[in-house]
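# Structural features, examined
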Amino acid sequence: MLPTSYNERTTVNMDQVCEHFDGISKGTVRNWIRIGKLPKPVEIKGMYKWRYVDILRAEDAMYDAGLKNLKKRAA
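The structure contained in this document is the topic of the report that follows. (Residues numbered from 1 in each chain as written. Predicted model: local features only at pLDDT ≥ 70, side-chain atom pairs only at ≥ 80, totals over all residues. Heavy atoms only, no water.)

As a further point, take the sheet that holds strand β2 (residues 42-44). Taken in spatial order, the 3 strands make up an open sheet running β1-β3-β2, and their pairing is antiparallel. Sheet topology places β1 (11-12) and β2 at the edges, where each strand pairs with a single neighbour. Direction of pairing for β1 relative to strand β3 (residues 47-51): antiparallel, over a ladder of 2 bridges. In the sheet register, Thr 11 faces β3, and the bridge partner there is Arg 51. (Pairing = 2+ DSSP bridges. Helix = DSSP H or I, 4+ residues; strand = E, 2+ residues; numbered from the N terminus.)

It is worth spelling out helix α2 (residues 26-35) at this point. Of the residues making up α2, those classed as buried are Val 29, Trp 32 and Ile 33. Projected onto a plane normal to the axis of α2, the buried residues spread over an arc of 100 degrees and lie on a single side. Among the residues trailing α2, Gly 36 stands out with phi positive, at a value near 90 degrees. (Buried < 20%, exposed > 50% of the residue type's maximum accessible area, 1.4 Å probe, protein only. Arc of directions from axis to C-beta.)

Here it is as structure tokens:
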């Protein structure tokens, strides 16, 4: 389940990242990390986590890049 409220320290795990992006696979998350679309997680008490704000920022960057690509194709 995704956090309904969050701050700079709120973390999410792999399953929550998959859920945030509408059920993408863990393999897709790993690929996005590899190519730099998502930041690398940090290990906290044996579990890999992301700050939720970093996931939201990465999503904004992907959205902005998509808009730039659409504008280039339309021109």
